[in-house]
Amino acid sequence: MSSASGSLSVISGDNQTWDLAVAAIIQAGHRMDDRGWVPATAGNLSIRLADGRIAITRSGGHKGFLTSDGVIEVGLNGEARHEGDRPSAETLLHCQIYEHFPNAGAVLHGHSVAATVLSMVIKEPALYLEDYEVLKVFEDQTTHETRLSVPVFANDQNIARLSRSVALYLDEMKAGYIIRGHGVYIWGPDMTTALTRLEGLEFLLTCELERLKLLPAIPARDVM
């Protein structure tokens, strides 16, 4: 897919401009909205440019109607670079990923039904995905014969405190993480990869939710 058609591919070198980053975020936001992963004003999307600037969706905007005005610039500290711009408090979680993973170029956060419901039902500190072919979408995975842990963190309006909990597990994450009753965070070296991994994760979470519906009515913690 060429940049002229609104490519989600990696933005690098001389082509890494603000306009390309914004276009990729808009396209990804519309795609996520089409799939029901960012209802109402939920979710946020970002891209880190080569010069260190971070393009991220403005707080309170609907991703299905996202335009260039809905994307703002922040620094690695999460603070807006231009007066009047208001980033989401969760911007700090994007910045945490960029700071921790030098190769991270895009971060996506969604609020799907599957992620929200599963994280409320499963009381363990992680959800485990195993034996699915789609697991190969994640970094370093080459076979379905694997078991990946997706950490689940308690929701917390204190984002700084939440980020400290997340920090303890970042090195081990291969398939992102979930905030309980809230949604998922996942990332990649570019928007295409991040979106592909998000679609893979959401597919697997939906599969797990459907499996629960088919199982006898026993406590969820005994079947996951």
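What this report covers is the structure whose coordinates are included nearby. From a predicted model like this one, the values you see are computed outputs, not experimental measurements. (Residues numbered from 1 in each chain as written. Predicted model: local features only at pLDDT ≥ 70, side-chain atom pairs only at ≥ 80, totals over all residues. Heavy atoms only, no water.)

A short note on the nonpolar core
- Counting residues in hydrophobic clusters, the biggest one holds 42 residues, and the most contacted among them are Leu 108 and Leu 205.
- A per-element tally of this core places helix α5 (residues 191-214) first, with 9 residues.
- If we ignore the near neighbours within four places in the chain, the residues touching Leu 205 are Ala 114, Ala 115, Leu 118, Leu 127, Ile 178 and Val 184.
- Core analysis: the next-biggest nonpolar cluster, separate from the first, contains 21 residues, Ile 56, Leu 93, Ala 104 and Leu 170 among them. (Core = buried A, V, L, I, M, F, W, Y, C linked by side-chain atoms within 4.5 Å. Buried < 20%, exposed > 50% of the residue type's maximum accessible area, 1.4 Å probe, protein only. Helix = DSSP H or I, 4+ residues; strand = E, 2+ residues; numbered from the N terminus. Contact = heavy atoms within 4.5 Å.)

Focus: a nonpolar patch on the surface
- Taken together, the side chains of Val 113, Val 117, Met 120 and Val 121 present a nonpolar region at the surface, about 320 Å² in accessible area.
- Here Val 113 is to be found in helix α3 (residues 113-121).
- Residue Val 113 is classed as exposed on the basis of its relative accessible area of 58%. (Patch = residues over 30% accessible without salt bridge, like charges linked within 9 Å, V, L, I, M, F, W, Y side chains within 5 Å. Areas by Shrake-Rupley, 256 points an atom, 1.4 Å probe, with all protein chains shown as cover. Salt bridge = Lys/Arg side-chain N within 4 Å of Asp/Glu carboxyl O.)

Considering the packing of aromatic side chains
- Enumeration over the complete set of coordinates arrives at 5 aromatic pairs.
- A centroid spacing of 5.5 Å and a plane angle of 85° characterise the contact between Phe 153 and Tyr 177, whose relative ring orientation is edge-to-face. Of the two residues, Phe 153 sits in strand β6 (residues 147-153) while Tyr 177 sits in strand β7 (residues 177-179), which places them 24 residues apart along the sequence. Of the two residues examined, Phe 153 and Tyr 177, each falls in the buried class.
- Pairing Tyr 177 with Tyr 185 gives two aromatic rings, centres 5.3 Å apart and planes at 15°, and the pair type is stacked.
- Taking the relative accessible area as the measure of exposure, Tyr 177 reaches 0% and is therefore buried.
- Among the aromatic residues, those joined into a ring-pair cluster are Phe 101, Phe 153, Tyr 169, Tyr 177, Tyr 185 and Trp 187.
- One residue, Arg 147, lies across the ring of Tyr 128, its end atom 4.0 Å from the ring centre. (Phe/Tyr/Trp six-rings, centres within 6.5 Å; stacked < 30°, edge-to-face > 60°. Lys NZ or Arg CZ within 6 Å of the ring centre and 35° of its normal.)

A word on the sheet that holds strand β1 (residues 44-48)
- Within the open sheet, the 8 strands sit side by side as β3-β2-β1-β4-β8-β7-β6-β5. Their pairing is mixed. Each having just a single partner strand, β3 (71-74) and β5 (126-130) make up the two edges of the open sheet. Across this sheet, the average inter-strand angle for adjacent strands is 20°, counted without regard to direction.
- As paired elements, β7 and strand β8 (residues 183-188) share 3 bridges and run antiparallel to each other. Within the sheet, the bridge partner assigned to Ile 179 lies in β8 and is Gly 183.
- Contacting β1, β2 (54-57), β3, β4 (106-110), β7 and β8, helix α2 (residues 91-100) crosses the sheet at an angle of about 35° to β1. (Pairing = 2+ DSSP bridges. Axes fitted to C-alpha atoms, helices over the stretch in contact; angles between N-to-C directions.)

Structural notes on the pairing of β6
- Counting buried residues in β6 gives 5 out of 7 residues, a clear majority hidden from the surface.
- Sheet topology note: the β5/β6 ladder contains 5 bridges and is antiparallel. Across the sheet, residue Ala 126 finds its bridge partner in β6, namely Pro 151.
- For β6 and β7, the ladder comprises 2 bridges, and the chain directions are parallel. For Val 152, the partnering residue across the bridge sits in β7 and is Ile 178.

As for α3
- Every buried residue of α3 is accounted for by Ala 114, Ala 115, Leu 118 and Ser 119. Seen from one end, α3 has its buried residues packed into an arc of 115°, which puts them on one side. (Arc of directions from axis to C-beta.)

Quick word on the side chain of Glu 202
- Looking at where Glu 202 falls in the secondary structure, it is placed in helix α5.
- Here Glu 202 occupies a buried position and makes no salt bridge, while the nearest side chain of opposite charge, Arg 35, is found at 10 Å.
- Leave out the neighbours within four places in its chain, and Glu 202 touches Trp 37, Ser 112 and Val 184. (Lys, Arg positive; Asp, Glu negative; His and termini not counted.)

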